[in-house]
Amino acid sequence: LDLAPEKTLNHVELANDYGVSRNPIIIALTRLDAEKWVVRHGSHYVVSPLTVERMREITEIRSIIEVQAVIWSMNRMSRQGHQALNTLKNEIEHLDKGVGNKQLVEFDLRFHQVLYQETHNSQLVELLENMLCHYMRFWLAGPTKIDRRPFFAQTMEIIRAIEEKDEVRLRSACMEHIKVSMDEIMGIPKPFNPKSNPVEEGSDC
């Protein structure tokens, strides 16, 4: 997620950076091309561009697959999974208000990875992580600083629903989480409700 969209990838530079020959670089780029991370332009590759249409398509798929995956995760969650979510919840509650976009996105990635892994379905994990990482590119490419409070509001609601094993609440929170993500990428911010704030107003966190 460190390479900017449409950045040209030079085989020789990449080989030098990683201390390998050009052959493994070409193999890696071929795989990345198949996974839509890069696009071939003649004899070279560029990092795939970000398009709203692609995000719309991914969002439609997420709204079906991810919601069901999170319900499976709730029903199959191990003790380690609950501990990982509790750790993340505590870390989010005590986030410094100066934390940057990349760290916020990394927290969100960790949160989703815990949920995906707890489905205990390796094929599903691979599919969902790939889609989520394309979302992460949009978050990181934007010039606006992410507000940590509304950004994690649905995250905390999802964790609470899992703790209470409330499937109806969980389904609703997941759908809202996906919708808000897409709205903010599209520049349609959701009004923030202080009641859902995981960090109290006036806190130093």
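Remember, it's a predicted structure, so these values are computed and weren't measured experimentally.

Turning next to unusual backbone geometry. For Lys36, which is not glycine, the phi dihedral falls at a positive 70 degrees. On the accessibility criterion, Lys36 (48% relative accessible area) is partly exposed. Phi is positive for His120, close to 55 degrees, though the residue is something other than glycine. Given the relative accessible area of 54%, His120 is considered exposed.

For any two aromatic rings, the description comes down to two numbers: the centre-to-centre distance and the angle of the planes. Using the criterion set out here, one finds 2 aromatic pairs in the structure. Summarising the aromatic geometry, the rings of Phe107 and Phe152 are spaced 6.5 Å apart at their centres and angled 85 degrees between planes, so their arrangement reads as edge-to-face. Here Phe107, found in helix 5 (residues 101-117), pairs with Phe152, found in helix 7 (residues 148-163); they are 45 residues apart in sequence, far enough to count as distant. Looking at Phe152, the relative accessible area reads 1%, which means it is buried. When the ring of Phe151 is compared with that of Phe152, the centres are 4.9 Å apart and the planes differ by 80 degrees; the resulting orientation is edge-to-face. An identical accessibility class is assigned to Phe151 and Phe152; each is buried. Clustering of aromatic rings is evident, with ring pairs tying together Phe107, Phe151 and Phe152. Lying across the ring of Tyr135, Arg62 places its NZ or CZ 4.5 Å from the centre.

It is worth spelling out the pairing of strand 2 (residues 38-41) at this point. Sheet faces and side chains relate simply in a regular strand, where the side chains alternate between the two faces. Across 4 bridges, strand 2 lies against strand 3 (residues 44-47) in antiparallel orientation. Looking at the pairing, Arg40 lines up with Tyr45 of strand 3. Here strand 2 folds back onto strand 3, and the loop between the two strands holds 2 residues, one of which, Gly42, carries a positive phi near 65 degrees.

Over its 16 residues, helix 7 extends 22 Å from the first C-alpha to the last, a length consistent with the 22 Å expected when each residue adds 1.5 Å. The largest bend along helix 7 measures about 25 degrees and falls at Gln154. Where burial is concerned, most of helix 7 is hidden: 12 out of the 16 residues are buried. Arg148, Pro150, Phe151, Phe152, Ala153, Gln154, Thr155, Met156, Ile158, Ile159, Ala161 and Ile162 are the residues of helix 7 that are buried. Within two residues after helix 7, Lys165 carries a phi angle of roughly 50 degrees, on the positive side.

Here we take up the environment of Val168. Tracing the backbone shows Val168 in helix 8 (residues 167-185). The sequence separation of Val168 and Ile71 amounts to 97 residues, and the corresponding C-alpha distance is 9.5 Å.

This part is about the layout of surface pockets. Roughly 600 Å³ of internal volume is contained in the largest pocket. Along its surface, the largest pocket is lined by 21 residues, and Leu3, Leu9, Leu32, Val38 and Val47 are the ones closest to its centre. Contributing elements (two or more residues each) for the lining of the largest pocket: strand 1 (8-9), helix 1 (11-18), helix 2 (22-34) and helix 6 (122-141). Here the residues of the lining of the largest pocket are counted per class, giving 13 nonpolar, 2 polar and 6 charged.

Overall, the coordinates contain 2 cavities of 30 Å³ or more when judged by the stated rule. Its volume calculated, the largest cavity comes out at about 100 Å³. Forming the boundary of the largest cavity are 13 residues, of which Asp108, Trp139, Phe151, His177 and Ser181 lie nearest the centre. For the lining of the largest cavity, the elements supplying multiple residues, two or more each, are helix 5, helix 6, helix 7 and helix 8. Residues that form the lining of the largest cavity fall into these classes: 6 nonpolar, 4 polar and 3 charged. Here the second largest cavity is characterised by a volume of approximately 40 Å³. Taken together, Pro49, Leu50, Thr51, Arg54, Met55, Ile58, His134, Arg137 and Phe138 make up the full set of residues lining the second largest cavity. Breaking the lining of the second largest cavity down by element, the ones donating at least two residues are helix 3 (52-76) and helix 6. In terms of residue class, the lining of the second largest cavity is built from 5 nonpolar, 2 polar and 2 charged.

Conventions adopted
Residues numbered from 1 in each chain as written. Predicted model: local features only at pLDDT ≥ 70, side-chain atom pairs only at ≥ 80, totals over all residues. Heavy atoms only, no water. Buried < 20%, exposed > 50% of the residue type's maximum accessible area, 1.4 Å probe, protein only. Phe/Tyr/Trp six-rings, centres within 6.5 Å; stacked < 30°, edge-to-face > 60°. Helix = DSSP H or I, 4+ residues; strand = E, 2+ residues; numbered from the N terminus. Lys NZ or Arg CZ within 6 Å of the ring centre and 35° of its normal. Pairing = 2+ DSSP bridges. Expected span 1.5 Å × (residues − 1). Bend = angle between axes of the 7 residues up to and from the residue. 1 Å grid on protein atoms, 1.4 Å probe; cavity = no way out; pocket = protein on both sides within 12 Å on 5 of 7 lines; lining within 4 Å. Points joined across faces, edges and corners; volume = space filled by probe spheres on them. Nonpolar A, V, L, I, M, F, W, Y, C, P; charged D, E, K, R; others polar.

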